[in-house]
Amino acid sequence: MPKRLTTTLLLLIFFRIGFAQQPNTYPKVTGYFSILNPVGSWTKNGFTSNFGNVYTIGFPFGVNILKSDHFGVSFEVAPAIRTEKNISKVNTVLFHPGAMFRFRHGFTFIGRMAFETNGRFGITPVFNQIIKKGKVASFFISVPFPVRFGNDQPTSIGTGLQLGVSF
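Residues numbered from 1 in each chain as written. Predicted model: local features only at pLDDT ≥ 70, side-chain atom pairs only at ≥ 80, totals over all residues. Heavy atoms only, no water.

Student: Where do I start with the overall build of the protein chain in this structure?
Tutor: Scanning the protein chain for helices and strands turns up one helix and 11 strands. Seen in sequence order, the protein chain has helices and strands lined up from the N terminus as α-β-β-β-β-β-β-β-β-β-β-β. Buried positions account for 29% of the 167 residues belonging to the protein chain. Summarising the internal contacts of the protein chain: among those between residues at least 6 apart in sequence, 47% fall at separations of at least 24. For the protein chain, the exposed surface amounts to about 11,300 Å²; the carbon and sulfur share of it is 68%. (Helix = DSSP H or I, 4+ residues; strand = E, 2+ residues; numbered from the N terminus. Buried < 20%, exposed > 50% of the residue type's maximum accessible area, 1.4 Å probe, protein only. Contact = heavy atoms within 4.5 Å. Areas by Shrake-Rupley, 256 points an atom, 1.4 Å probe, with all protein chains shown as cover.)

This is the structure in structure tokens:
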């Protein structure tokens, strides 16, 4: 009987170890694609909405290098299309490197630097939340707060809503 009990215990330990969920291995590379709808921005001249005579939409995509469960780095490129007087064109391309601080329950804070081809530059704090996690892809929502300087324009702070898929 003791031999059978020992064998059973060893088999249970083996199967528990063999089929346990494996921890993430780092570094890990992920990618994403999203759509950004700016809401508006504030300057010393007041609030400017994105839903007036001019409409802009962005298409951020990027690569994340996750160093651990709590930290990673990200590089994003975001072309923006601007429509004004029934004419649409690529208005700017944003280069957006940043550091990712990952927390529990799919929440991430990303501190980004911003370099736009239209001559503006600045920082963008981003609050990101995974809303549906899948085996192959996850859906997320983000709220960025871009702060921009330069190009002989007043300093601005804006906000928007970003929806995307990471893989």
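Next comes the rest of the write-up.
Student: Can you help me understand the pattern of salt bridges in this one?
Tutor: Side-chain pairs of opposite charge can arise where the charged atoms are in close proximity. All chains considered together, the criterion is met by three salt bridges. Across the pair Glu84 and Arg82 runs a salt bridge, and its minimum N-O distance is 3.2 Å. For Arg82, a relative accessible area of 26% corresponds to the partly exposed category. (Salt bridge = Lys/Arg side-chain N within 4 Å of Asp/Glu carboxyl O.)

Student: Just checking my understanding: could you explain unusual backbone geometry for this structure?
Tutor: If a residue is not glycine, its phi is most likely negative; likewise, a peptide bond is most likely trans. With an omega of 5 degrees, the peptide bond between Tyr26 and Pro27 qualifies as cis. Located in the positive-phi region is Asn86, a residue other than glycine, with phi close to 60 degrees. The topology assignment puts Asn86 in the loop between β5 (71-84) and β6 (87-102). One non-glycine residue, His105, lies in the positive phi region at around 60 degrees. A residue is classified by how much of its surface remains accessible, and His105, at 72% relative accessible area, is exposed.

Student: Could you clarify how one ought to interpret the pairing of strand β2 (residues 46-49) in this entry?
Tutor: The two faces of a sheet get side chains in turn, since along a regular strand they alternate between them. The pairing of strand β1 (residues 28-43) with β2 spans four bridges and is antiparallel. Looking at β2, one finds that Thr43 is bridged to Gly46. (Pairing = 2+ DSSP bridges.)

Student: Would you mind going over the packing of aromatic side chains with me for this structure?
Tutor: Any aromatic ring pair is given by two values, namely how distant the centres are and how the planes are angled relative to each other. Counted by the stated rule, this structure contains nine aromatic pairs. When the ring of Phe51 is compared with that of Tyr55, the centres are 6.2 Å apart and the planes differ by 35 degrees; the resulting orientation is tilted. The exposed category is assigned to Phe51, whose relative accessible area is 51%. On the basis of relative accessibility, which here comes to 31%, the residue Tyr55 falls in the partly exposed class. Measuring from ring centre to ring centre gives 6.4 Å for Phe107 and Phe127, while their planes differ by 25 degrees; the resulting arrangement is stacked. Placement of the pair is Phe107 in strand β7 (residues 107-116) and Phe127 in strand β8 (residues 121-133), with a sequence separation of 20 residues. On the basis of relative accessibility, which here comes to 27%, the residue Phe107 falls in the partly exposed class. For Phe127, a relative accessible area of 36% corresponds to the partly exposed category. (Phe/Tyr/Trp six-rings, centres within 6.5 Å; stacked < 30°, edge-to-face > 60°.)

Student: Looking at this structure, I do not really get the side chain of Thr92. What am I missing?
Tutor: Note that Thr92 resides in strand β6. Overall, the relative accessible area of 8% leaves Thr92 in the buried class. At a separation of 3.3 Å, a polar atom in the side chain of Thr92 contacts the main-chain amide nitrogen of Asn118. (Polar contact = N/O pair within 3.5 Å; in protein donor to acceptor, adjacent residues only side chain to side chain.)

Student: Where do I start with the environment of Asn50 in this structure?
Tutor: On the secondary structure map, Asn50 appears in the loop between β2 and β3 (54-58). The exposure class of Asn50 is buried, given its relative accessible area of 7%. Sequence spacing of Asn50 and Gly160 is 110 residues, and the spatial spacing of their C-alpha atoms is 9.4 Å. Other than its neighbours up to four places away in sequence, Asn50 contacts Asn37, Pro38, Val39, Gly40, Tyr55 and Thr56. At a separation of 2.9 Å, a polar atom in the side chain of Asn50 contacts the main-chain carbonyl oxygen of Pro38.

Everything listed is a geometric property; what it means functionally is a separate question.
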